[in-house]
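# Examination of the molecular architecture
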Amino acid sequence: MRIPYFPGCTLYARARGLDNSTRAALAALGIELAELPQWTCCGTVFPLAQDNYIGMVAAARILANAAKAGDGRLVTVCSFCYHVLKRVNYAVKNNQEAKDKLNNYLEESYAGETRIVHPLELIRDEIGFASLQSKAGGKLRGLKAACYYGCMLVRPAAELAFGDPDNPTIMEEMVDALGGEPVDFSWKTKCCGSYQLLNASDLVVERVRDILSAAAARGAQAIVTSCPLCQFNLDWVQEKFVPKTNGFSKIPVLYFTQLLGAALELPADNLGLDQHYVDPRPLLSGGCS
Amino acid sequence: MATNLSFQMSKEISGRIREISGQNPYLCIQCGTCSASCTGIGKMDFLPRQVIRKIQLGDPGVLQCRSIWVCTACLTCTARCPRGIDIARLMEALRTINLRKGNEILVLEKISLDLIKEIPQMALTSGFRKLSA
Amino acid sequence: MAEEKEMVNIYIMGKHYQVPYGLTIMKAMEYAGYRFIRGCGCRGGFCGACGTVYRKPGDFRLKVGLACQTVVEDGMHLTQIPFYPANKATYNLEEVTPTLGTLLQHYPETTRCLGCNACTRICPQELEVMHYIAAAQRGDIEKLANMSFDCIMCGLCASRCPAEIVQYNVAILGRRLYGRHIALRAGHLAKRVEEIKAGKFDAEINRLMQMSKAELQKLYDARDIEP
């Protein structure tokens, strides 16, 4: 199976580990991701202003081009890209003014045909967790992983349809299928602080502390996430700010595709595991349970 | 804390808030669920509920509050509002009115070089979209 | 017998002139009496000094061209953009690394790109400006360098950008990084430089230096000429 793929700017450069591990893991499962021949930044963050559409132009162009690829789907893994592309598509389908203005400006005739798909959805729907279990079940040897979704994958539920916005379970199902032990915790859809790292970084430090402590209190050995910014905030903040003396022990934060790649026993140097501040490799190679 | 109850906000600004957000602030019953869910309350001068109240009462000072700039657009308030108000869009409207006048909070020069060299680009892109003019 | 030459109507900064058909915009402006005393450039389509913007009646589209290369058309309403202020970062090419970090450190406004494509539409060289900026945003320096290769730094893109990016300065940093740090070094050039340093050509150069003018003239007249 070959599906059009939109990596996004961050995956191309600073989250190469997520891009490489996504491609490698899906390839091992029989899905080849075909990067769009030409693409620009999606314009990340969906513009909430209703009185103009300039912020949606980039995403609309990407969607219109993806429609021409012929498959009907577009895979993207970065939470911000997923959120923006899916919401702009929803706007084109449901808001006549948005559709008219965007098509007029771009000189396209796009009607919202492209379907945005997240790799987790792809695994669930095209491969099936049962099939995944038969391929790689038990490989994580009971590793206790807290699945952290963040905001942009799950809200607003009406448009993103990624599961229950307060209690999504798709990532936990993957961890379970691979033989890990998903750790449920109440902060899995709380915001990490996002771009406020640039403006009010104490806010990010506070939220990261809350998320990590909540996961650690439930016995998590690792945090698993899909979003490069969440991963950066949770990882980098530990390294920079969390003091070592207050009884807090560092907890590795990795991408769900890296965990999947490790379970599928893919070569570690292609998964980008060495690019994290808190090194997840000792946990993955050593004792998992 | 005393609030001036006379509607001081110009029709133009209050109209602009409604136009940009597409939301009716008078649907708000001041239940406080948004405040309870908010990511940024630790750094806000006014809670989201209070910001909506200021819009309802026509307090032009709402455009100067710090709250709108420490919002992360996490959409939790929108998801939880029992009256179905998209509160994130109201916050965005207040930011947008400021940004279109050139009042911005994220100034390039203040971002540390270390951060520029490491941070995922999506943070810069989204930060600029939300916080700079 | 002189051929009948058609005259065309053009409007230079709003003022109407009749100029002969077949002239370039630059020649037409000089025909109309304007003298270019500064910054009119190479007159050869290479330096980017004469970027001209024009519109024709009944058509809302903005059109561009280089004044030295573009022939006048009837109904052109044109102007040249004067020097448009640009943000230019300073850097030492020897000290910077060919990474996304370098691009963002010097031009962080690159991440403000809206994807509106106004830059591409206004480029007189028909470059895909938005796409090379997209390459810059993701740190693909090779793509940035190759896609912007034909840029003549006319500045029209920067004049249209709502995000206030100076695309051509980002591009030239990309090309410089590519040329200095990424592109393969020419092996034969390095070898030749070594030979020169080792003195392989010293004897021959000295011999030439000692010759009289007459001897040099003889050598010159007898040189190999390609037919």
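Conventions and cut-offs
Residues numbered from 1 in each chain as written. Chains lettered and ligands numbered in written order. Predicted model: local features only at pLDDT ≥ 70, side-chain atom pairs only at ≥ 80, totals over all residues. Heavy atoms only, no water. Pairing = 2+ DSSP bridges. Helix = DSSP H or I, 4+ residues; strand = E, 2+ residues; numbered from the N terminus. Axes fitted to C-alpha atoms, helices over the stretch in contact; angles between N-to-C directions. Contact = heavy atoms within 4.5 Å. Buried area = accessible area lost by both parts, 1.4 Å probe. Salt bridge = Lys/Arg side-chain N within 4 Å of Asp/Glu carboxyl O. Polar contact = N/O pair within 3.5 Å; in protein donor to acceptor, adjacent residues only side chain to side chain. Nonpolar A, V, L, I, M, F, W, Y, C, P; charged D, E, K, R; others polar. 1 Å grid on protein atoms, 1.4 Å probe; cavity = no way out; pocket = protein on both sides within 12 Å on 5 of 7 lines; lining within 4 Å. Points joined across faces, edges and corners; volume = space filled by probe spheres on them.

Take the sheet that holds strand β7 (residues 222-225) of chain A next. Residue and element names in this part refer to chain A. One open sheet holds the four strands; their spatial order is β6-β5-β7-β8, and the pairing between them is parallel. Two strands in the sheet have a free side with no partner beyond their single neighbour: β6 (181-183) and β8 (253-255). Between one strand and the next, the sheet's axes are offset by a mean angle of 40 degrees, whatever the strand orientation. Taken together, the four bridges between strand β5 (residues 144-148) and β7 define a ladder with parallel strand orientation. Residue pairing for β7: Ala146 is matched across the bridge by Ile223.

Listed by partner, the interface residues are 11 residues for chain B and 12 residues for chain C. Together chain B and chain C conceal approximately 1,000 Å² of surface at their shared face, both sides included; 61% is due to carbon and sulfur atoms. Inspection of the chain B/chain C interface yields zero salt bridges. Our count for the contact surface shared by chain B and chain C stands at three residue pairs in polar contact (both at pLDDT 80 or more). Of all the secondary-structure elements, those providing two or more residues to the side of chain B that touches chain C are α7 (113-118) and α8 (121-131) of chain B. At five residues, the largest contribution of residues to the side of chain B that touches chain C is made by α8 of chain B. Residue composition of the side of chain B that touches chain C, grouped by class: six nonpolar, three polar and two charged.

On to empty space enclosed by the protein. Tallied over the entire structure, the rule returns nine cavities of 30 Å³ or more. One number sums up the size of the largest cavity: a volume of about 160 Å³. Lining the largest cavity are 23 residues, with Phe80, Met152 and Ser194 of chain A together with Thr72 and Ala73 of chain B positioned closest to its centre. Among the secondary structure elements, those contributing two or more residues to the lining of the largest cavity are α4 (79-94) and α11 (228-240) of chain A. Tallying contributions element by element places α4 of chain A first for the lining of the largest cavity, with four residues. A class-by-class count of the residues in the lining of the largest cavity yields 16 nonpolar, five polar and two charged.

All names here are of chain C. With respect to topology, five strands assemble into an open sheet ordered β2-β1-β5-β3-β4, the strand pairing being mixed. With one partner strand each, in any of the chains shown, β2 (15-20) and β4 (63-66) form the two edges of the open sheet. Pairs of neighbouring strands in the sheet enclose a mean axial angle of 35 degrees, with direction left out of account. Here strand β3 (residues 51-55) pairs with strand β5 (residues 76-80) via four bridges, running antiparallel. By the bridge assignment, Arg55 is partnered in β5 with His77.

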